[in-house]
Amino acid sequence: MNANDQSAVQARGLHFAYSGEKAIFSGLEMDVPLGSVYGLLGANGIGKSTLMKALVGLLPLQAGRINLLGGPIRQKAFQDVGLLIEQPNIYPHLSGVDNLLVMATYRKTERSRVSEVLNLVGLEEAGNKQVRHYSTGMKQRLGIALAILHRPRLLLLDEPANGLDPVGIVAIRRLIRALNQEEGMTILLSSHLLSEVEQSCTHLGILARGRLAYQGSLEGARSQLSQGLRLRLHCNPTGPALDAMRAAGWKADPGENGGLQLLLSGKPEISQVIDLLRGAGIDIHELIIEEDRLEDFFLSLYQ
Amino acid sequence: MSSFIICLKAEVRKSRNSMAVWLSLAGTVANLLLFLGLHLVGEQVGGGFSANSWREYITNHYDGIAFMMLPLYVIILCSLVFLMEHRSEMWVQLYTLAISPRQVYLGKLAFLFLLFLGAHLLFILGMLFSGLLFGLLRPASGLLDGLPDLGQIAELSARTVLSILGLMGLHAWLSFRFKAFIVPLLIGILGYVVAGLLGTGWYWQFLNPYAPGFLFMPRYKGEAIIPHLGWFSGAELMSIAYLGLFTALAFITLKRRK
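Residues numbered from 1 in each chain as written. Chains lettered and ligands numbered in written order. Predicted model: local features only at pLDDT ≥ 70, side-chain atom pairs only at ≥ 80, totals over all residues.

Asks: Help me understand the overall build of chain A, please; the structure alone is not making it clear to me.
Replies: The secondary structure content of chain A amounts to eleven helices and 14 strands. Against the 2.2 N^0.38 benchmark of 19 Å for 303 residues, chain A shows a C-alpha radius of gyration of 24 Å, more extended than a compact globule. The proportion of buried residues among the 303 residues of chain A is 40%. (Helix = DSSP H or I, 4+ residues; strand = E, 2+ residues; numbered from the N terminus. Rg over C-alpha atoms; globule rule 2.2 N^0.38 Å. Buried ≥ 20, exposed ≤ 12 C-beta atoms within 10 Å, placed from the backbone.)

Listed below in structure tokens is the structure:
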């Protein structure tokens, strides 16, 4: 089995720029493994939606090649692709059920699936209401229902948590996991929220400066983090505490709100710091231990 | 089921509660009421219709719609049907179906045509019903003394349908091409005004895609001479040709837009 067979989405050397503008991505390579939940992470306006549109052939690439589910983009392949890009595409004059029935007609999906997906996204009671009376979150849920209606093998969700309340966000997170684990869908979702990606995804792609600055499993990203600790301290007096720590060879600096911060190589050093300060007659008022986080990794790719 | 039938079925489904359907129903009923009113006051008030036979009554109705209602109805109808897709960027979904976007477009065109036919059928039935009502209210009109000429209705209906095909093709394309509802509407009004200014006297008017609506009644009544091929007038033949031409242009736009 070659790499192409194992990828739900494979992009090679993608280059795209809007007419007369700077390239949004250039030489971009992407591999979304089959069966994964792949989080496309990037700052607002960096081109996540543009990339998603390009991946399904909705934008004319200046260069590059894309394979969807093992083959080049062809109209027939869309039978296995569901998407929600930028905004839910729905007819406001129709009810939720009618919107789903229209799409079920196009997708040749059985009618019984309509109530099934309405239940899945928690819209069973609002199904017969006109969509123009839906809240933003309800429209987003309907958009997801439309995308999964035909049981696609590949699902593209652009910022699926947009407009959802905390309960809705948790529900969609669970739905994404269930679709992936129970229905075997490969899911490519974009988000600017690292926490969202961390909780939902198995794989991660970080879009920065027109390329995927990191691409791989979430575990792989975590393994790239340094094993160090950051200690934040509030003590009295501060000046002698700083001098004592520096004299002992630790890299200490003044921190926020008159506090101190220092980097340690591991947890055993914490008690050594406490012993040193207490031995010097310095009172410790507050001590916060911070481990290196995925967020720092994300930020490091942007710097 | 063929892709085309699927697309047409989806169009019918999405038309529920739509402005296009309401326009077709309300517009047709309003027209019929207006014409009945004009016939009832016709002899008393200048500008109204007078009818002393079914033939005259039917001709008056087609005269009434052909001049302005028909082209404007087609222009607005096309804009409304495509506005449904533009409003929520539905093209993103329609382009990513397992069905060719051309089939989706043809389904839309067929739906426009069916909606027009439906409205026209309603117009004919309403016209016959209002004719009976007029006959009851004005016994001197003689409408209760005879039957309407179905041949006349069939000919006028066929010519009406043939006449609007080109305009429908043009405005379906324009309404797809321009997302802003107002653009195809303004182009349509401009085209209609230009066709009106050129009038029926200009020999080449039959080449104008906005003109067939102006031409088929004057030709029917023998007031205008238009080149023809057998039963078909030049304007009707051009209308069919324009439908093909503008549908081809729409296919090119579909490809480019994607």
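Moving on from the coordinates now.
Asks: Would you mind showing me how to read the overall build of chain B here?
Replies: Counting secondary structure elements, chain B contains nine helices and two strands. Moving toward the C terminus, one meets the helices and strands of chain B in the order α-α-α-α-α-α-α-α-β-β-α. A globule of 258 residues ought to have a C-alpha radius of gyration of about 18 Å, and chain B, at 19 Å, matches this closely. With respect to the three principal axes, the spread of C-alpha positions in chain B is 60 × 40 × 35 Å. A buried classification covers 41% of the 258 residues belonging to chain B. Pairs at least 24 residues apart make up 73% of the contacts formed inside chain B by residues separated by at least 6 positions. (Contact = placed C-beta atoms within 7 Å.)

Asks: How should I be thinking about the packing of helix α3 (residues 54-87) of chain B against helix α8 (residues 212-220) of chain B in this particular structure?
Replies: If you want to describe how two helices pack, look at the angle between their axes and the distance between the axes. Residue and element names in this part refer to chain B. Across the interface, α3 lies against α8 with an axial gap of 8 Å and an inter-helix angle of 170 degrees. Between α3 and α8, the interaxial angle falls into the category roughly antiparallel. Contacts from Y62, D63, A66, L70 and P71 in α3 reach G213, F216 and M217 in α8. Residues belonging to the contact of α3 with α8 are distributed by class as follows: six nonpolar, one polar and one charged. (Axes fitted to C-alpha atoms, helices over the stretch in contact; angles between N-to-C directions. Parallel < 35°, antiparallel > 145°, perpendicular 65-115°, else oblique. Nonpolar A, V, L, I, M, F, W, Y, C, P; charged D, E, K, R; others polar.)

Asks: Would you take a moment to explain the pairing of strand β10 (residues 211-217) of chain A for this structure?
Replies: Moving residue by residue along a regular strand, the side chains alternate between the two faces of the sheet. Residue and element names in this part refer to chain A. Pairing of strand β9 (residues 203-208) with β10 involves six bridges; the strand directions are antiparallel. In the sheet register, H203 faces β10, and the bridge partner there is S217. Between β9 and the antiparallel strand that follows it, β10, lie two residues; R209 among them carries a positive phi value of about 50 degrees. (Pairing = 2+ DSSP bridges.)

Asks: What am I meant to see in the sheet that holds β10 of chain A here?
Replies: Two strands in a sheet stick together by hydrogen bonds in their backbones, pointing the same way (parallel) or opposite ways (antiparallel). Residue and element names in this part refer to chain A. Taken in spatial order, the six strands of this open sheet run β6-β7-β8-β3-β9-β10, and their pairing is mixed. Strand pairing shows two members of the sheet lacking a second neighbour, β6 (81-84) and β10, which therefore form its edges. Each strand axis lies, on average, 15 degrees off the axis of its neighbour in the sheet, ignoring direction. When strand β3 (residues 37-41) meets strand β8 (residues 186-191), the two strands line up parallel, connected through five bridges. Paired with Y38 across the bridge in β8 is L188. This element, helix α2 (residues 48-55), spans β3, β7 (154-158), β8 and β9 of the sheet and lies at about 155 degrees to β7.

Asks: Quick question: what am I supposed to make of the environment of P33 of chain A here?
Replies: With respect to the helices and strands, the residue P33 of chain A is situated in strand β2 (residues 25-33). Non-local contacts of P33 of chain A, meaning those with residues more than four positions away in its chain, are made with Q6, S7, A8 and H203 of chain A.

Asks: Sorry, what's going on with the nonpolar core here?
Replies: The biggest cluster of nonpolar side chains holds 143 residues, and the ones touching the most others in it are A145 and I187 of chain A together with V74, L77 and L112 of chain B. Broken down by element, the residue count for this core peaks at 17 residues, all from α3 of chain B. Not counting residues within four places of it along the chain, the set of residues in contact with I187 of chain A comprises V37, Y38, L155, L157, I176, L179 and N180 of chain A. (Core = buried A, V, L, I, M, F, W, Y, C linked by C-beta atoms within 7 Å.)

Asks: Please clarify how the interface of chain B and chain A should be interpreted in this entry.
Replies: It is common to give the size of an interface as the accessible area lost on bringing the parts into contact. Listed by partner, the interface residues are 22 residues for chain B and 22 residues for chain A. Those elements that provide at least two residues to the side of chain B that touches chain A are α1 (3-14), α3 and α4 (91-95) of chain B.

Asks: Even after reading the chapter, I still don't get the confidence of the model for chain A, so can you show me in this structure?
Replies: Any region with low pLDDT has predicted coordinates that should not be read closely. Summary statistics for chain A give a mean pLDDT of 89 and a share of 95% for residues scoring 70 or more. For chain A, the element scoring lowest by mean pLDDT is helix α1 (residues 3-6) of chain A, at 59; helix α3 (residues 96-107) of chain A scores highest, at 96. (pLDDT = per-residue confidence, 0-100.)

Asks: Help me understand the packing of α3 of chain B against helix α7 (residues 182-198) of chain B, please; the structure alone is not making it clear to me.
Replies: Residue and element names in this part refer to chain B. Packing of α3 against α7 brings their axes to within 10 Å, and their N-to-C directions diverge by 165 degrees. Viewed along their axes, α3 and α7 adopt a mutual orientation that is roughly antiparallel. When you trace α3 past α7, the crossing you get is right-handed. Between α3, through P71, I75, I76, C78 and S79, and α7, the contact on the second element is made entirely by P184, L185, G188 and Y192. In terms of residue class, the contact of α3 with α7 is made up of seven nonpolar, two polar and no charged. (Left-handed = near helix turned anticlockwise from the far one by under 90°.)

Asks: In this structure, what is going on with the domain arrangement of chain A? I would like to understand it.
Replies: All names here are of chain A. Domain assignment breaks chain A into domain 1 (3-223) and domain 2 (229-302). The interface of domain 1 with domain 2 comprises nine residues on the first partner and six residues on the second. Those elements giving two or more residues to the side of domain 1 that touches domain 2 turn out to be α7 (194-200), β9, β10 and α8 (218-223). (Domains from an automatic or database assignment.)

Asks: Help me understand the confidence of the model for chain B in this model?
Replies: Model confidence for chain B is summarised by a mean pLDDT of 89, while 96% of its residues fall at 70 or above. Predicted complex, confidence summary: ipTM 0.87, pTM 0.83.

Asks: Looking at this structure, how should I read the sheet that holds strand β5 (residues 71-72) of chain A?
Replies: Residues and elements named next belong to chain A. In spatial order, the strands read β2-β1-β4-β5; together these four strands make up an open sheet with antiparallel pairing. Edge positions in the sheet fall to β2 and β5, since each of these pairs with one other strand and no more. Taken together, the two bridges between strand β4 (residues 63-68) and β5 define a ladder with antiparallel strand orientation. Following the sheet pairing, L68 is matched in β5 by G71.

Asks: What is the right way to read unusual backbone geometry from this model?
Replies: Only a minority of non-glycine residues have a phi that is not negative, and only a minority of peptide bonds are not trans. Residues and elements named next belong to chain A. Here the residue pair N236 and P237 is connected by a cis peptide bond, since its omega of 0 degrees sits within 30 degrees of zero. Residue position: P237 is located in the loop between β11 (229-236) and α9 (238-247). Phi at R151 is positive, roughly 50 degrees, even though this residue is not glycine. Note on placement: R151 falls in the loop between α5 (136-148) and β7. At E159, a residue that is not glycine, the phi angle is positive and equals roughly 45 degrees. When the 23 C-beta atoms within 10 Å are taken as the criterion, E159 is described as buried.

Asks: Looking at this model, I keep getting lost on the environment of L142 of chain A. Mind explaining?
Replies: Residue and element names in this part refer to chain A. For L142, the position within the fold is in helix α5. Given 27 C-beta atoms within 10 Å, L142 falls into the buried group. The contacts of L142, once residues within four sequence positions are left out, are P88, I90, G96, N99, L123, V131 and Y134.

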